[in-house]
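# Secondary and tertiary structure notes
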Amino acid sequence: SGKILNQPVWKLAGGAQNRVWVYAAGGYYAEGKGINELSAEMESYVKDGFQAVKMKVGWPGVTLRNDAERVRSVREAIGPDIELMIDANNA
């Protein structure tokens, strides 16, 4: 229907913008993936051009202190100008 009306589909669906804010989601827990590897992963998304990243916290058996250290390390790696989001997985 977008072609028939010569309109972009996002506009026909009620969208108000022609650009979408995106982020890289990662930072999953994995065997052998420590804080250094996590930070390098998140930093690689920034190097790819993302202005925002999202990481996981709240994995069973991981302490709050360890998660805080993970977040602190990622923040240092990506810098203060990149948006950092945290996904707590219903924890």
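Residues numbered from 1 in each chain as written. Predicted model: local features only at pLDDT ≥ 70, side-chain atom pairs only at ≥ 80, totals over all residues. Heavy atoms only, no water.

Before going further, it helps to spend a moment on the nonpolar core. Of all hydrophobic cores here, the largest spans 12 residues; its members are Ala24, Tyr29, Leu38, Met42, Tyr45, Val53, Met55, Val57, Val74, Ile78, Ile82 and Leu84. Of all the secondary-structure elements, those providing two or more residues to this core are helix H3 (35–47), strand E2 (52–56) and helix H4 (64–78). In terms of residue count, the dominant contributor to this core is H3 (three residues). Leave out the neighbours within four places in its chain, and tyrosine 29 touches Lys56, Val57, Gly58, Trp59, Val62, Asp67 and Arg70. (Core = buried A, V, L, I, M, F, W, Y, C linked by side-chain atoms within 4.5 Å. Buried < 20%, exposed > 50% of the residue type's maximum accessible area, 1.4 Å probe, protein only. Helix = DSSP H or I, 4+ residues; strand = E, 2+ residues; numbered from the N terminus. Contact = heavy atoms within 4.5 Å.)

Another point: the sheet that holds strand E1 (residues 24–25). The three strands are arranged E1-E2-E3 in an open sheet whose pairing can be described as parallel. In this open sheet, the two edge strands, each paired with only one partner strand, are E1 and strand E3 (83–87). The pairing of E2 with E3 spans five bridges and is parallel. By the bridge assignment, lysine 54 is partnered in E3 with methionine 85. Sheet strands in contact with H3 are E1 and E2, and its direction is about 155° off that of E2. (Pairing = 2+ DSSP bridges. Axes fitted to C-alpha atoms, helices over the stretch in contact; angles between N-to-C directions.)

Once that is clear, we can look at the environment of valine 46. Looking at the element boundaries, valine 46 is found in helix H3. Taking relative accessible area as the criterion, valine 46 reaches 22% and is therefore assigned partly exposed.

The next point concerns the packing of H3 against H4. For any two helices packed against each other, the geometry comes down to the angle between their axes and how far apart the axes lie. Between H3 and H4, the least distance of the axes is 9 Å, while the angle of their chain directions is 40°. Crossing of H3 over H4 shows right-handed handedness. Counting all contacts with H3, which are made through Ile35, Leu38, Ser39, Met42, Glu43 and Val46, the residues of H4 involved are Asn66, Glu69, Arg70, Ser73, Val74, Ala77 and Ile78. Grouping the constituent residues of the contact of H3 with H4 by class yields seven nonpolar, three polar and three charged. (Left-handed = near helix turned anticlockwise from the far one by under 90°. Nonpolar A, V, L, I, M, F, W, Y, C, P; charged D, E, K, R; others polar.)

Under the definition given, this model contains two aromatic pairs. Ring centres of tryptophan 21 and tyrosine 23 lie 6.2 Å apart, and the angle between their planes is 45°; this geometry places the pair in the tilted category. Its relative accessible area of 55% is what places tryptophan 21 among the exposed residues. For tyrosine 23, a relative accessible area of 35% puts it in the partly exposed group. When the ring centre of tyrosine 29 is taken as reference, the NZ or CZ atom of arginine 70 above it lies at 4.1 Å. (Phe/Tyr/Trp six-rings, centres within 6.5 Å; stacked < 30°, edge-to-face > 60°. Lys NZ or Arg CZ within 6 Å of the ring centre and 35° of its normal.)

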